[in-house]
Amino acid sequence: MKPLVRFAYSIDQLSKAVARVAIWLTLICALISAVNALMRYAFDISSNAWLELQWYMFGGMVLLGAAHLLTINGHIRVDLFYSRLNDRQRAWLDLAGLVFFLQPFCIYMVLVCWPWFVESWAIHEISNNAGGLVRWPVKLLFPIGFGLLVLQGISEIIKRIAALQGVIALNTHYERPLQ
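The structure contained in this document is the topic of the report that follows. Note that the structure is predicted; figures quoted are calculated from it, not measured. The residue count restarts for each chain, going from 1 along the sequence in the order it is written. Totals for whole chains, interfaces and linings use all residues, but because this is a predicted model, local features are given only for residues with pLDDT of at least 70 and pairs of side-chain atoms are given and counted only at 80 or more. The basis for every side-chain value is the complete set of heavy atoms in the structure, and neither hydrogens nor water enter the calculation.

Some words on the environment of S155
Labels follow the DSSP assignment, with helices taken as runs of H or I lasting at least four residues and strands as runs of E lasting at least two, numbered in each case from the N terminus. Take S155: it is sitting in helix 5 (residues 136-164). Residue classification places S155 among the buried positions, given a relative accessible area of 0%. Distance from S155 to D12, taken between C-alpha atoms, is 7.1 Å for residues 143 residues apart in sequence. Two N or O atoms count as a polar contact when they lie within 3.5 Å, although within protein this holds only if one can serve as hydrogen donor and the other as acceptor, and sequence-adjacent residues are included solely when both atoms are side-chain atoms. Among the polar contacts listed, one links the side chain of S155 to the backbone oxygen of A8, at a separation of 3.0 Å. Burial classes follow relative accessibility: with a 1.4 Å probe on protein chains only, a residue under 20% of its type's maximum area counts as buried, one over 50% as exposed, and anything between as partly exposed.

Have a look at this one:
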């Protein structure tokens, strides 16, 4: 089990490294948004490409950051039961959710999104908007993002099994979001 746990932690490191890209996209997107607004209101200069670039970056933030969010237990849950469970019960519930819901959905999304990206790349798809950008880079983010979630799901499954066997201690602390 210990080699699998090491493998799981290496997946965690990959997710963390990719999340750093998402963090930088957040900063770059905010800067582009500010410059775009300044150019539009101060100089009456506008470009659809800048708006689309912001949308692409937002997609990158979400899709590239999701795996790390799973690593740090930051995904929102249906809190009806989770907060009342002990650590072992939480590990079992997490394991069931990972195996029966997260993994099948993410694998399905990779399989659906990959041909969608390939077609876009093959035909050199471009946005219909005047001055719009090529579409395949943003479409590539979908199979990459869901693929990273599949990998992180494997890591989380390994860690939950290891925790249930007493090999590692797992932090299952979850704070209900304030609303």
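Considering the nonpolar core
In these notes, a set of buried Ala, Val, Leu, Ile, Met, Phe, Trp, Tyr and Cys residues joined through side-chain atoms within 4.5 Å is what counts as a nonpolar core. Ranked by internal contacts, the top residues of the largest apolar core, which has 27 residues, are M57, L64, F146 and L149. If you list the elements that add at least two residues to this core, you get helix 1 (2-43), helix 2 (48-71), helix 4 (87-122) and helix 5. V5, I158, A163 and I168 belong to the second-largest nonpolar core, a separate cluster that totals six residues.

Focus: helix 4
Helix span, expected: 1.5 Å multiplied by one less than the number of residues in the helix. Along its 36 residues, helix 4 runs 49 Å from first to last C-alpha, staying within 8% of the 52 Å computed at 1.5 Å per residue. When the local axis directions of helix 4 are compared, the greatest deviation, roughly 40°, occurs at L98. Of all the residues in helix 4, the buried ones are R90, A91, D94, L95, L98, Q103, C106, M109, C113, F117 and S120. If you check the start of helix 4, you find a side-chain oxygen 3.1 Å away from the backbone N of R88, and it comes from N86. One or two residues past the end of helix 4 sits H124, with phi positive at roughly 55°. Bend, at a single residue, is the angle you get between axes fitted to the 7 residues ending at that residue and the 7 residues starting at it.

Remarks on the side chain of Q54
Within the fold, Q54 resides in helix 2. Look at Q54 and you get buried, because its relative accessible area is 12%. At 3.1 Å, the side chain of Q54 forms a polar contact with the side chain of S33. Contacts between residues were defined by any pair of non-hydrogen atoms, one from each residue, lying within 4.5 Å. In this structure Q54 touches C29, I32, S33 and N36, once residues within four positions along its chain are discounted.

Brief notes about unusual backbone geometry
Located in the positive-phi region is D44, a residue other than glycine, with phi close to 55°. Inspection of the secondary structure assignment puts D44 in the loop between helix 1 and helix 2. Take D44: its relative accessible area is 69%, and that puts it in the exposed class. Look at H124: it is not a glycine, yet its phi comes out positive at around 55°. In this structure, H124 sits in the loop between helix 4 and helix 5. Accessibility expressed as a relative area gives 60% for H124, which makes it exposed.

Comments concerning the pattern of salt bridges
The term salt bridge refers to a pairing of a side-chain nitrogen on Lys or Arg with a carboxyl oxygen on Asp or Glu at a separation within 4 Å. By the definition in use, this model includes five salt bridges. One salt bridge in this structure joins K139 and E125, with 2.7 Å as the shortest N-O distance. Taken together, the residues span a long stretch of sequence, with K139 in helix 5 and E125 in the loop between helix 4 and helix 5 at a distance of 14 residues. The class of K139 is buried, set by a relative accessible area of 10%. For E125, a relative accessible area of 24% translates into the label partly exposed. Taking the shortest distance from any N to any O, the salt bridge between R160 and E156 comes out at 2.7 Å. Placement of both R160 and E156 in helix 5 is noted, with a separation of four residues, approximately one turn of the helix. Like R160, the residue E156 is buried in the burial classification. When salt bridges that share partners are traced, they join D12, D94, E156, K159 and R160 into one network.

Take it as geometry only, folks, not as evidence of what the structure does.
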